[in-house]
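Working through the structure, step by step
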Amino acid sequence: MFSSPSKQHIQGRVSLVLAAMVGLLAAAGIALSLALRQQPELQVATLLPEPLPLPEFALTDHEGDAFSRADFVGQTSLVFFGFTQCPDICPVTLQQLAVVRRNLMEAGSSVIPEIVFVSVDPERDDVDTVAAYVGAFGDGVRGVRGELDALNVLTQPLGVFHARPETDDGYDVEHTSAVLVINPDAEFAGLFRAPHSVDRIVADWPGLARQL
Amino acid sequence: MKSLFACCVALLLATGCGGDPRPPVEISDVRIYAPLPGSNMSVAYLTIANNTDEPLVIADISSPQFAGVEIHETIMTNDIARMRQLDALTIPPGRATELREGAEHLMLTGPVGDPALGDPVTLFIRDAAGGEVVVRSNLESRIKLDGQ
């Protein structure tokens, strides 16, 4: 014969159930909170689950000065890899980034990115060529170049692709079309994938900048 | 092959062929950009409408202001931008093809002299049968910081 449960036993079970429900709700709340923190209202930006520290690299900027990982520290940067003889996607993207920067300044954004153009065509893009090229896109655009080995020190750990297939009359340059977001700790924190849109990048910027 | 340009040599003066009031080929939205500083290349974008009932095959384009004009296509796959040269551009009957950013475009190589903004540029666009249309425009600035 089974004995009927005591009042104390029943209260214990209710407490357990309540505790479990509270625990589940808390876990759900934390999960929701994390999800909202990680992906707030981003339309086009992609945040890396964990920012990736930039490697130590040694390149040269468009003024002929050394350019290294330390140059990314303390500011947010938008980095695009391309080449000056590129007729289509490179100038289009750099112009878009320059407009993004100008729009953010006009909107009073607390985080104004520096635009960094890294040439992946060391044969044709010497310092003077890169300087002339980035100068066309206004202030806040920095050009960077380096020989292939030095360039690969930066690009390979980041998964940035560049290649130089031969053609009948020379060579083409193929390259990653995404724009990388580097945070003030010199970490690869996110990216914008092509095709790029000024309006969408600007719309995403406050939510993205909060999480860098 | 019959040239679709045969009865309309000068595009902007073309008044049409047969009973169709439209010219057989219409070109619009022409933008020819000056090379950027440091660059020996530039680009032209335009829209070509084929108002005929036959495919229009653009086989050759040249310009006195550039050593070379090539039809190119930007291809984006897996976040990688590649360019591919096209032998020809085929526009189906009754359709228009827009040469635009990030897609098909005219790559202009080797500017003759030192081109400046506003300089006139002429493009000779020829179809596979040898017909020709002439497009005239002026060099525009590539950089428009109020653009999108």
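This report concerns the structure included in the present document. What you are looking at is a predicted structure, and each value in this text was computed from that prediction instead of being measured.

**What about the overall build of chain A?**
On a plain count of helices and strands, chain A comes out with five helices and 12 strands. A buried classification covers 46% of the 212 residues belonging to chain A. Considering only residue pairs separated by 6 or more positions, chain A has 70% of its internal contacts joining residues 24 or more positions apart. Carbon together with sulfur atoms contributes 56% to the accessible area of chain A, which is approximately 10600 Å² in total.

**A closer look at the interface of chain B and chain A**
Across the contact, 30 residues belong to chain B and 31 residues belong to chain A. Taking both sides of the interface into account, the surface hidden between chain B and chain A amounts to around 2500 Å²; carbon and sulfur atoms contribute 53%. At the surface where chain B touches chain A, the tally comes to two salt bridges. A salt bridge links D79 of chain B to R193 of chain A; the shortest N-O distance between them is 3.0 Å. Applying the counting criterion to the chain B and chain A interface returns 13 residue pairs in polar contact (both at pLDDT 80 or more).

**Describing the environment of G110 of chain B**
Along the polypeptide, G110 of chain B turns up in strand β8 (residues 104-111). Sequence separation between G110 of chain B and N40 of chain B is 70 residues; the distance between their C-alpha atoms is 5.7 Å.

**Remarks on the packing of aromatic side chains**
All names here are of chain A. As enumerated under the stated definition, the model contains six aromatic pairs over all chains in all. Taking 5.3 Å as the distance between ring centres and 45 degrees as the angle between the ring planes, the aromatic pair formed by F117 and Y133 counts as tilted. On the criterion of sequence distance, the pair formed by F117 in strand β5 (residues 114-119) and Y133 in helix α3 (residues 127-135) is long-range, its members being 16 residues apart. Here the two residues F117 and Y133 agree in accessibility, since each one is buried. A connected cluster of aromatic rings, assembled from ring pairs, spans F57, F67 and F72.

**Considering the sheet that holds strand β12 (residues 187-192) of chain A**
Residues and elements named next belong to chain A. Spatial ordering of the open sheet is given by β1-β12-β11-β4-β5-β6-β2-β3, a layout of eight strands whose pairing is mixed. A strand with exactly one partner marks an edge of an open sheet, and here the two such strands are β1 (45-53) and β3 (66-68). Along the sheet, successive strands turn relative to each other by an average axial angle of 35 degrees, direction set aside. Alignment of strand β2 (residues 58-61) against strand β6 (residues 141-145), held across two bridges, turns out to be antiparallel.

**Here we look at helix α4 (residues 148-158) of chain A**
Among all positions of α4 of chain A, only L151, N152, L154, T155 and L158 of chain A are buried. Looking one or two places after α4 of chain A, you find G159 of chain A, whose phi comes out positive at around 75 degrees.

**Here we look at unusual backbone geometry**
Between A194 of chain A and P195 of chain A the backbone carries a cis peptide bond, its omega angle lying at 0 degrees. Within the element layout of this structure, P195 of chain A appears in the loop between β12 and α5 (198-209). In the Ramachandran plot, D29 of chain B falls in the positive-phi region, its phi being about 50 degrees despite a non-glycine side chain. Mapped onto the elements, D29 of chain B comes out in strand β1 (residues 25-33). The backbone of D79 of chain B sits at a positive phi, close to 65 degrees, despite the residue not being glycine. Tracing the backbone through its elements, the reader meets D79 of chain B in the loop between β4 (66-77) and β5 (80-85). Of the residues examined, D79 of chain B reaches a relative accessible area of 22% and is grouped as partly exposed.

**Considering the pairing of strand β4 (residues 77-82) of chain A**
All names here are of chain A. Here β4 lies mainly inside the structure; six of its six residues are buried. In β4, alternate side chains face the same way, and those of S77, V79 and F81 on one face and L78, F80 and G82 on the other are all buried. Summarising the sheet, β4 and β5 pair through six bridges and their orientation is parallel. Within β5, the position partnered with F81 by the bridge is V118.

**Some words on the nonpolar core**
Formed by 54 residues in total, the largest nonpolar core has its most connected members in F72 and F192 of chain A. The element best represented in this core is helix α2 (residues 89-106) of chain A, accounting for seven residues. For F192 of chain A, the residues in contact, after removing those within four places along its chain, are V44, A45, L78, A178, V179, V181, I201, D204, W205 and L208 of chain A. With 25 residues, the next largest nonpolar core counts I32, I58, I71 and L108 of chain B among its residues.

Basis of the calculations
- Residues numbered from 1 in each chain as written.
- Chains lettered and ligands numbered in written order.
- Predicted model: local features only at pLDDT ≥ 70, side-chain atom pairs only at ≥ 80, totals over all residues.
- Heavy atoms only, no water.
- Helix = DSSP H or I, 4+ residues; strand = E, 2+ residues; numbered from the N terminus.
- Buried < 20%, exposed > 50% of the residue type's maximum accessible area, 1.4 Å probe, protein only.
- Contact = heavy atoms within 4.5 Å.
- Areas by Shrake-Rupley, 256 points an atom, 1.4 Å probe, with all protein chains shown as cover.
- Buried area = accessible area lost by both parts, 1.4 Å probe.
- Salt bridge = Lys/Arg side-chain N within 4 Å of Asp/Glu carboxyl O.
- Polar contact = N/O pair within 3.5 Å; in protein donor to acceptor, adjacent residues only side chain to side chain.
- Phe/Tyr/Trp six-rings, centres within 6.5 Å; stacked < 30°, edge-to-face > 60°.
- Pairing = 2+ DSSP bridges.
- Axes fitted to C-alpha atoms, helices over the stretch in contact; angles between N-to-C directions.
- Core = buried A, V, L, I, M, F, W, Y, C linked by side-chain atoms within 4.5 Å.

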